[in-house]
Amino acid sequence: MKLGIIGCGAIGTDVAKAADAMKDIEKIYLFDINKAAAEKLCKSLKKASLKPVEEFLEDVDVVFEAASQQAVAQYAAIVLEAGKDLIIMSIGSLFNDALRKKLENTARKHHRKIYLPSGAVCGIDGVLAASIEKLDSVTLVTTKPPASLGKSVEERTIVFKGTARDAVKQFPRNINVAACLSLAGVGFDETKVEIIADPVETRISHKILAHGRFGRLRAEVENMPNPNNPQSSYMASLSAIATLRRVLDPIQIA
Ligand SMILES: NC(=O)c1ccc[n+]([C@@H]2O[C@H](COP(=O)([O-])OP(=O)(O)OC[C@H]3O[C@@H](n4cnc5c(N)ncnc54)[C@H](O)[C@@H]3O)[C@@H](O)[C@H]2O)c1
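Parameters at a glance
Throughout, residues of each chain are indexed from 1 in the direction in which the sequence is written. It should be noted that, the model being predicted, local features are given only for residues of pLDDT at least 70 and side-chain atom pairs only at 80 or more, the latter also being counted only at that level, while totals for whole chains, interfaces and linings use all residues. Side-chain measures here rest on the full set of heavy atoms in the structure, leaving out hydrogens and waters. A 1.4 Å probe that fits into a set of points on a 1 Å grid over the protein atoms alone but cannot get out defines a cavity; an open set with protein on both sides within 12 Å along at least five of seven lines defines a pocket, and lining residues are those with an atom within 4 Å of a point. Grid points are joined across faces, edges and corners, and a volume is the space filled by probe spheres set on the points. Each helix is a run of DSSP H or I of at least 4 residues and each strand a run of E of at least 2, with the numbering of both proceeding from the N terminus. For this classification, the nonpolar set comprises Ala, Val, Leu, Ile, Met, Phe, Trp, Tyr, Cys and Pro, the charged set comprises Asp, Glu, Lys and Arg, and every other residue, Gly included, is treated as polar. Domain delimitation follows an automatic or database domain assignment. Paired strands, as defined in this entry, are two strands with at least two bridges between them according to DSSP. Orientation is described by axes fitted as lines to C-alpha atoms, over the contacting stretch for helices, and by angles from 0 to 180 degrees between their N-to-C directions. Residue contacts follow a heavy-atom distance rule, with two residues in contact if any of their heavy atoms lie within 4.5 Å. A pairing counts as a salt bridge when a side-chain nitrogen of Lys or Arg comes within 4 Å of a carboxyl oxygen of Asp or Glu. Categorising residues by exposure relies on relative accessible area from a 1.4 Å probe, with only protein chains included: less than 20% of the type maximum marks a residue as buried, more than 50% marks it as exposed, and the intermediate range marks it as partly exposed.

Undergrad: Explain the layout of surface pockets to me, and be specific about the residues and the numbers.
TA: Taken as a whole, the largest pocket spans an internal volume of roughly 880 Å³. Of the residues forming the lining of the largest pocket, the biggest block, six residues, is contributed by helix 9 (residues 234-248). Of the residues in the lining of the largest pocket, the class split is 18 nonpolar, six polar and three charged. Two domains each provide a minimum of three residues to the lining of the largest pocket, namely domain 1 (2-116 + 234-248) and domain 2 (124-223). In this structure, the second largest pocket occupies an estimated 700 Å³ of space.

Undergrad: Give a description of the sheet that holds strand 8 (residues 157-163) that names residues and reports values.
TA: The strand order 8-9-7-10-11 describes an open sheet built from five strands, whose pairing is mixed. Both outer strands of the open sheet, strand 8 and strand 11 (215-223), are each paired with one neighbouring strand and no more. Here the average twist between neighbouring strands, direction ignored, is 10°. Examined bridge by bridge, strand 7 (residues 135-144) and strand 9 (residues 192-197) share six bridges and lie parallel to one another. Its bridge partner lying in strand 9, Val 141 is registered against Glu 194. Those strands touched by helix 8 (residues 175-184) are strand 7, strand 9 and strand 10 (204-212), and its axis lies near 165° from that of strand 7.

Undergrad: Can you break down the pattern of salt bridges residue by residue, with the values?
TA: Tallied over the entire structure, the rule returns 14 salt bridges. Arg 112 is the salt-bridge partner of Asp 85, the closest N and O atoms lying 3.1 Å from each other. With Asp 85 in strand 5 (residues 85-88) and Arg 112 in the loop between helix 5 (97-109) and strand 6 (114-115), this pair connects stretches of sequence that are 27 residues apart. With a closest N to O distance of 3.1 Å, Glu 133 and Arg 213 form a salt bridge. Highlighted residues: Glu 133 in the loop between helix 6 (124-130) and strand 7 and Arg 213 in the loop between strand 10 and strand 11, separated in sequence by 80 residues. For Arg 213, a relative accessible area of 62% translates into the label exposed. Within this structure, Asp 97, Arg 100, Arg 165 and Asp 189 form a network of salt bridges that share partners.

Here it is as structure tokens:
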């Protein structure tokens with residue numbers, strides 16, 4: 001399989017290195033608006049070369065995006081129109097209902113898939129299954145060190161409580177986690193989000209609480225930051241690599 005990667009930052013680098021070691025992947029194309037980042041990564045890989053997206057599209061099977069919301073808006077549709085599957089990390093882009101519907105329709109028309117890794121949260125599998133039946137409530141509780149929320153507080157403080165859609169407007173950095181949970185469960189307007197600034201915290205923790213006909217779910221993760229980008233959790237990279245494995249492997253744990 002041949003892989004195209006858009007975005008050679010923290011996550012793109014982790015995925016490219018993992019893909020370089022996968023025997024099922026024969027070729028990797030890299031693109032980044034920061035040429036130096038792409039070149040540096042390329043030099044560290046055995047199977048990689050540099051090409052603009054429009055040029056590598058013809059020769060790849062799957063495109064992995066780990067760049068930005070703008071990159072999703074710019075490239076996602078042309079990737080699908082070219083008949084390639086797409087893995088999106090900048091899931092926050094899908095808060096835009098018009099863009100999401102357009103990509104969904106394009107993927108359907110071209111018989112392609114859009115994969116959304118669960119990213120920095122855990123428990124998405126449970127929410128996905130539970131949402132087949134009636135879900136009464138889904139809540140995300142994110143706890144962060146105050147500095148990473150741009151806050152300076154002396155004690156544990158709830159800095160936001162509301163819908164996922166409103167959380168994104170006020171705290172766009174939590175957008176990917178809230179978007180993934182919303183899409184898996186009850187949507188952006190029904191998913192509740194609580195964001196807590198806690199001076200005792202050194203890690204970013206995400207807790208999902210869901211209640212419905214299935215029973216009750218509580219899933220919590222305490223994430224280490226990615227060594228190359230403290231804004232991203234290392235779990236997000238691991239989840240991306242697991243999704244790539246899922247695209248390749250005959251046996252899938254869904
Ligand atoms: N789904 C999740 O749980 C989750 C978790 C963390 C990060 N993310 C998202 O994944 C993306 C990548 O995260 P990261 O930590 O690797 O970021 P990063 O800043 O380390 O790397 C992003 C790279 O993409 C490049 N880039 C930006 N816009 C581009 C464009 N239009 N075309 C090509 N390249 C472009 C940048 O130059 C940079 O090298 C971000 O959008 C981030 O919000 C998602």
